[in-house]
Amino acid sequence: KSFDKVLAKDIAEIRKTLQAHFGNGSYYARRNGKKGINPTEQAYIASVFAKYGYEKVEFDTLVEETLWE
């Protein structure tokens, strides 16, 4: 969903930056919703989009979980 409003000229560079950070397989697992994105990762992703002038990044789903110790 994050790429819905991104100009075509920016998509490749944003994707390349995120793949370099997360690794190719891990990037696609997150992109396809197979792996969750924690708040720190969300902040990083938002900062990458902001670098290209996209201030509002939307994520598909919010999941709240209880961490049992």
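Each remark here, short or long, concerns the structure printed above.
Residues numbered from 1 in each chain as written. Predicted model: local features only at pLDDT ≥ 70, side-chain atom pairs only at ≥ 80, totals over all residues. Heavy atoms only, no water.

Undergrad: Teacher, can you tell me more about the overall build of the chain here?
TA: Check the secondary structure of the chain and you find three helices and zero strands. For the chain, the sequential pattern of α-helices and β-strands runs α-α-α. Split into buried and exposed, the 69 residues of the chain put 20% on the buried side. In the chain, the proportion of contacts linking residues at least 24 apart, taken out of those at least 6 apart, comes to 50%. Entry remark: accessible area of the chain is about 5,400 Å², with carbon and sulfur atoms responsible for 52%. (Helix = DSSP H or I, 4+ residues; strand = E, 2+ residues; numbered from the N terminus. Buried < 20%, exposed > 50% of the residue type's maximum accessible area, 1.4 Å probe, protein only. Contact = heavy atoms within 4.5 Å. Areas by Shrake-Rupley, 256 points an atom, 1.4 Å probe, with all protein chains shown as cover.)

Undergrad: For this particular structure, what's the right way to read the nonpolar core?
TA: A general feature of soluble globular proteins is that nonpolar side chains tend to end up buried together. Formed by Val6, Ile14, Leu18, Phe22, Tyr27, Ile45, Val48, Phe49, Tyr54 and Val57, the largest nonpolar core amounts to 10 residues. With sequence-adjacent residues up to four places away left out, Val48 is seen in contact with Ile14, Thr17 and Leu18. (Core = buried A, V, L, I, M, F, W, Y, C linked by side-chain atoms within 4.5 Å.)

Undergrad: In this structure, what is going on with the packing of aromatic side chains? I would like to understand it.
TA: In this description, a pair of aromatic rings is defined by centroid distance and the angle of the planes. In total, this model carries two aromatic pairs according to the counting rule given. Relative to Tyr44, the ring of Phe22 lies with its centre 6.1 Å away and its plane at 85°, an arrangement referred to as edge-to-face. In this pair, Phe22 is assigned in helix H1 (residues 8-22) and Tyr44 in helix H3 (residues 39-51), connecting sequence segments 22 residues apart. Classification of Phe22 as buried rests on a relative accessible area of 15%. Relative to Tyr28, the ring of Tyr27 has its centre 4.7 Å away and its plane inclined at 80°; by these criteria the two rings are edge-to-face. In this structure Tyr27 comes out as buried when scored by relative accessible area, which is 3%. (Phe/Tyr/Trp six-rings, centres within 6.5 Å; stacked < 30°, edge-to-face > 60°.)

Undergrad: Can you walk me through H1 in this structure?
TA: Residues spaced three or four apart along an α-helix point in a common direction, a consequence of the helix completing one turn every 3.6 residues. Across its 15 residues, H1 extends 22 Å between first and last C-alpha, which sits within 8% of the 21 Å expected from 1.5 Å per residue. Those residues of H1 not exposed but buried are Asp10, Ile14, Leu18 and Phe22. End-on view of H1: buried residues confined to an arc of 80°, all on one side of the axis. Facing away from the buried surface of H1 by more than 90 degrees, the exposed residues are Lys9 and Ala20. Looking at the buried side of H1, the elements it contacts are helix H2 (24-31) and H3. At the C-terminal side of H1, Gly23 shows a positive phi close to 90°. (Expected span 1.5 Å × (residues − 1). Arc of directions from axis to C-beta.)

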